[in-house]
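# Structure assessment
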Amino acid sequence: MKKILLIEDSQEIRENTAEILTLANYEVVEAENGKVGVELAKKEQPDLIICDIMMPQLDGYGVLHMLSKNPLTSGIPFVFLTAKSEKEDFRKGMNLGADDYLIKPFDDLELLDVVEMRLKKNEILKADFKKNAEGLDNFIEEAKGYEDLNKLISNNQKVTVFKKKQNLFLEGNHPNALYFLNKGKVKTYKSNEDGREYITNLYKDGDFIGYLDLLEETSYRESAMALEESEVYVISKEDFFSLLNHNRDVANKFIKILSDNLADREERLLKLAYNSVRKRVAEALMLVKKQYQDEGNETTQITISREDLASIVGASKETVIRTLADFKDEKLIDSQGSRIMILNPDKLARMRN
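Residues numbered from 1 in each chain as written. Predicted model: local features only at pLDDT ≥ 70, side-chain atom pairs only at ≥ 80, totals over all residues. Heavy atoms only, no water.

### Quick notes on the packing of helix 11 (residues 277–292) against helix 12 (residues 306–313)
Two measures define how a pair of helices packs: the angle their axes make with one another and the distance between the axes. Where helix 11 contacts helix 12, the axes come no closer than 9 Å and their chain directions differ by 115°. Between helix 11 and helix 12 lies a crossing of right-handed hand. Residues V277, R280, V281, A284, L285, L287 and V288 of helix 11 pack against L309, I312 and V313 of helix 12. Residue composition of the contact of helix 11 with helix 12, by class: nine nonpolar, no polar and one charged. (Axes fitted to C-alpha atoms, helices over the stretch in contact; angles between N-to-C directions. Helix = DSSP H or I, 4+ residues; strand = E, 2+ residues; numbered from the N terminus. Left-handed = near helix turned anticlockwise from the far one by under 90°. Contact = heavy atoms within 4.5 Å. Nonpolar A, V, L, I, M, F, W, Y, C, P; charged D, E, K, R; others polar.)

### As for the pattern of salt bridges
If you walk through the whole model with that rule in mind, you get 16 salt bridges. K104 serves as the salt-bridge partner of E8, at 3.1 Å between the closest nitrogen and oxygen. Pair noted here: E8 is in the loop between strand 1 (3–7) and helix 1 (11–23) and K104 is in the loop between strand 5 (100–103) and helix 5 (108–126), with a separation of 96 residues, a long-range link. The exposure class of E8 is buried, given its relative accessible area of 1%. Among the ionic pairs, E307 bridges to K317, the shortest N-O distance being 2.9 Å. Here K317 lies in helix 13 (residues 317–329) and E307 lies in helix 12, a separation of 10 residues in the sequence. Residue classification places E307 among the partly exposed positions, given a relative accessible area of 43%. Each of E8, D52 and K104 takes part in a single network of salt bridges with overlapping partners. (Salt bridge = Lys/Arg side-chain N within 4 Å of Asp/Glu carboxyl O. Buried < 20%, exposed > 50% of the residue type's maximum accessible area, 1.4 Å probe, protein only.)

### A look at the sheet that holds strand 14 (residues 300–303)
Spatially, the three strands line up as an open sheet ordered 14-16-15, and their pairing is antiparallel. If you trace the sheet from one side to the other, it starts and ends with strand 14 and strand 15 (333–336), each paired once. Between one strand axis and the next, the sheet turns through 20° on average, direction left out of account. For strand 14 and strand 16 (residues 339–342), the ladder comprises four bridges, and the chain directions are antiparallel. Counted as the bridge partner of I302 is I340 from strand 16. Strands strand 15 and strand 16 of the sheet are contacted by helix 13, whose axis makes an angle of about 120° with strand 15. (Pairing = 2+ DSSP bridges.)

### A short note on unusual backbone geometry
Omega for the bond connecting K104 with P105 falls within 30 degrees of zero, at -5°, which places this linkage in the cis form. Within the secondary structure, P105 sits in the loop between strand 5 and helix 5. Look at N25: it is not a glycine, yet its phi comes out positive at around 75°. Here N25 is to be found in the loop between helix 1 and strand 2 (27–31).

### Some remarks on helix 12
For helix 12, the buried fraction is high: seven of the eight residues fall into the buried class. Listed as buried for helix 12 are R306, D308, L309, A310, S311, I312 and V313. Downstream of helix 12 by one or two residues, G314 has phi in the positive range, about 80°.

### Details of the packing of aromatic side chains
Counted according to the given criterion, the structure contains seven aromatic pairs. Residues F169 and Y220 carry aromatic rings whose centres are separated by 3.8 Å and whose planes lie at 10° to one another, so their mutual orientation is stacked. Linking F169 in strand 7 (residues 167–169) with Y220 in the loop between helix 7 (211–216) and strand 12 (223–226), this pair joins segments that are 51 residues apart in sequence. No difference in accessibility class separates F169 from Y220, as the two residues are buried. Grouped by ring-pair contacts, the aromatic residues Y61, F78, F80 and Y101 constitute a single cluster. Directly above the aromatic system of Y189 lies the positively charged group of K187, at a separation of 5.2 Å from the ring centroid. (Phe/Tyr/Trp six-rings, centres within 6.5 Å; stacked < 30°, edge-to-face > 60°. Lys NZ or Arg CZ within 6 Å of the ring centre and 35° of its normal.)

### Overview of a negative patch on the surface
Together, D107, D108, E110, D113 and E116 make up a region of like negative charge exposed at the surface. Of note, D113 is situated in helix 5. (Patch = residues over 30% accessible without salt bridge, like charges linked within 9 Å, V, L, I, M, F, W, Y side chains within 5 Å. Areas by Shrake-Rupley, 256 points an atom, 1.4 Å probe, with all protein chains shown as cover. Lys, Arg positive; Asp, Glu negative; His and termini not counted. Charge placed at Lys NZ, Arg CZ, Asp CG, Glu CD.)

### Some remarks on the sheet that holds strand 1
The strand order across the open sheet built from five strands is 2-1-3-4-5, with neighbouring strands paired in parallel fashion. Because the sheet does not close on itself, it has two edges, and the strands there are strand 2 and strand 5. Ignoring which end each strand starts from, the neighbouring axes of this sheet average 20° apart. Looking at chain direction, strand 4 (residues 78–82) and strand 5 are connected through four bridges and run parallel. Among the inter-strand pairings, V79 is bridged to a residue of strand 5, identified as D100. Against the sheet, helix 1 touches strand 1, strand 2 and strand 3 (48–52), its axis set at about 165° to strand 2.

Below, the structure written as structure tokens:
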């Protein structure tokens, strides 16, 4: 049962609206003013908020402003109730991030239609999309259905094929696009003054690349290079920010997609600082396994050069080769050239420091 928070200072309107929603099989939480509504939104985490605009103490605009600043409530669909229909009121609400309006007096069908539509669209945007070109297109098509975003998105996302060892972008350059890896393998890396590389992340089919610097509008802090021939969708900076800036639901969805790997990345950097080389090599093998395990192969087989593995570990190539030889003697792995067969993934995952 979907939960709806109804914020309305008029007891008669509040009770009548709550009765309609309850009969339609929604759970209704009622708030008699804006301040109570804000607290209930944080506590109850409703699926939708319906809020009057003109209220004492804290009006509807103030409620929306406060909830939009809180990560726990910023993604909840928000519908205004208002007795006014002037364009200025609509514009102010939409600029603050409102999803819809209901003009008083409204009938039962108007109310239920708006509620059903907003809940349905929010569920679509909360659902995961297929991490391929079709999924990207489907997501963009959904996004374009909101507030005339079809006028803002170009419909012609560029597809570029990057050859092995070709850079998508270089550290120090200014970002002008978001990259979506449709097929292939890509690494991001940083180089020190001596030219030594440290691989900061590995990307596979369905991953977005280069978003943090684009969001912060700063120069790239790392470079990105194709590890094999890779097919990449290049989404223009303008289209990317149109998605983020013109609809709150779309922004929340995009941010969720883009932030998938942040926690793993921070944890790996922490381990690099404190773990032994032996444990870091084991963790690097498990990372590559997670990202790039050969599909359709019964054995746990990965393919990566010793140079790239050393760049993930943050150690010299010679040190990594010696550690791999130890793992081979211990029957943890087997190897043939750049191919590594992981024989005991559980023991590698539990490697002591």
